Structures are given as structure tokens and as C-alpha cells.
Amino acid sequence: MDEDDFRVMVLLGHADPSHYHKDFFEGSDGFAAIVEDVGKPTVHFHGDSHEWYEVEGGGFELDNYMRISLDGESVAPPIQVEVDVRRKNPVRVSRRRS
């Protein structure tokens, strides 16, 4: 796959990056290095903490990486993810709350 074949990267995962996942996220060939090298806007959704929070930079101090933890269990409202590559920040996430 060529870098020109896509404009945004979305990672759907179960877990927050931790010491258990260093082999995936860290190192010269890890996901964080790929995000930095490719330079495309990247969002990583996971449900590890079972509460909503957003981390700009994804914990790796990258301007093009956002990590979002989703609420867990049945208390979570649905989310809507919109990707519009015409915007500077092409990923927009909204939560429907009652």
C-alpha cells in the first residue's frame, strides 16, 4: 500500500497502550513511529478503561495522533465518527448523550 492510497488512519483496538503492548506501539517499526513517519491524521479508539477520555498526541507527543477511550458496558452513549479529508483535522467524533 502506498501512502497516497489513504488520507487518514483509524486504529480500532481493545487496549490502551501499556507495557504489555510495547512490541506493537514502540520502537523504530512500532505503530507510533509509523504514525509519525506517514504523517497522516490518526485516531485510535479503544475501550480499555471503560470511561471516556481523549489524549491528544496519543501519549507519544505526536501532533497527528489522537487516542480515544470509549465508555464501557451499557452506560455508553453511541458515538458518531465522521471523516472528512477536506478539513485540517479530518476526524470528528461526537457522542449522543441523553
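Above: the structure in question.
Read on for an overview of the structure. Predicted model, so just to flag it, every value in this text is computed and none were measured. (Residues numbered from 1 in each chain as written. Predicted model: local features only at pLDDT ≥ 70, side-chain atom pairs only at ≥ 80, totals over all residues. Heavy atoms only, no water.)

1. Notes on the pattern of salt bridges
Moving on, step 1. Evaluation of the coordinates by the stated rule reveals 5 salt bridges.
Moving on, step 2. Of the charged contacts, one joins Asp71 and Arg95 as a salt bridge, the two residues approaching to 2.3 Å between their closest N and O atoms. Residue Asp71 is located in the loop between β4 (65-69) and β5 (79-83), and its partner Arg95 is located in strand β6 (residues 91-95); the two are separated by 24 residues in the primary sequence.
Moving on, step 3. Between Arg87 and Asp84 there is a salt bridge whose closest N-O contact spans 4.0 Å.
Moving on, step 4. A relative accessible area of 15% places Asp84 in the buried class.
Moving on, step 5. Linked by salt bridges that have partners in common, Glu82, Asp84, Arg86 and Arg87 make up one network. (Salt bridge = Lys/Arg side-chain N within 4 Å of Asp/Glu carboxyl O. Helix = DSSP H or I, 4+ residues; strand = E, 2+ residues; numbered from the N terminus. Buried < 20%, exposed > 50% of the residue type's maximum accessible area, 1.4 Å probe, protein only.)

2. Looking at unusual backbone geometry
Moving on, step 1. In this structure, His50 takes a positive phi of about 60 degrees despite not being glycine.
Moving on, step 2. Locating His50 in the fold gives a position in the loop between β2 (42-46) and β3 (53-56).
Moving on, step 3. Despite not being glycine, Glu61 has its phi angle at roughly 55 degrees, a positive value.
Moving on, step 4. If you trace the backbone, Glu61 turns up in the loop between β3 and β4.
Moving on, step 5. Taking the relative accessible area as the measure of exposure, Glu61 reaches 74% and is therefore exposed.

3. Some points on the nonpolar core
Moving on, step 1. Ranked by size, the top nonpolar core spans 10 residues in total: Phe6, Met9, Leu11, Phe25, Phe31, Ala32, Val35, Val38, Leu62 and Tyr65.
Moving on, step 2. Of all the secondary-structure elements, those providing two or more residues to this core are β1 (9-12) and α2 (31-38).
Moving on, step 3. Val8, Val43, Phe45 and Val91 belong to the second largest nonpolar core, which has 6 residues in total. (Core = buried A, V, L, I, M, F, W, Y, C linked by side-chain atoms within 4.5 Å.)

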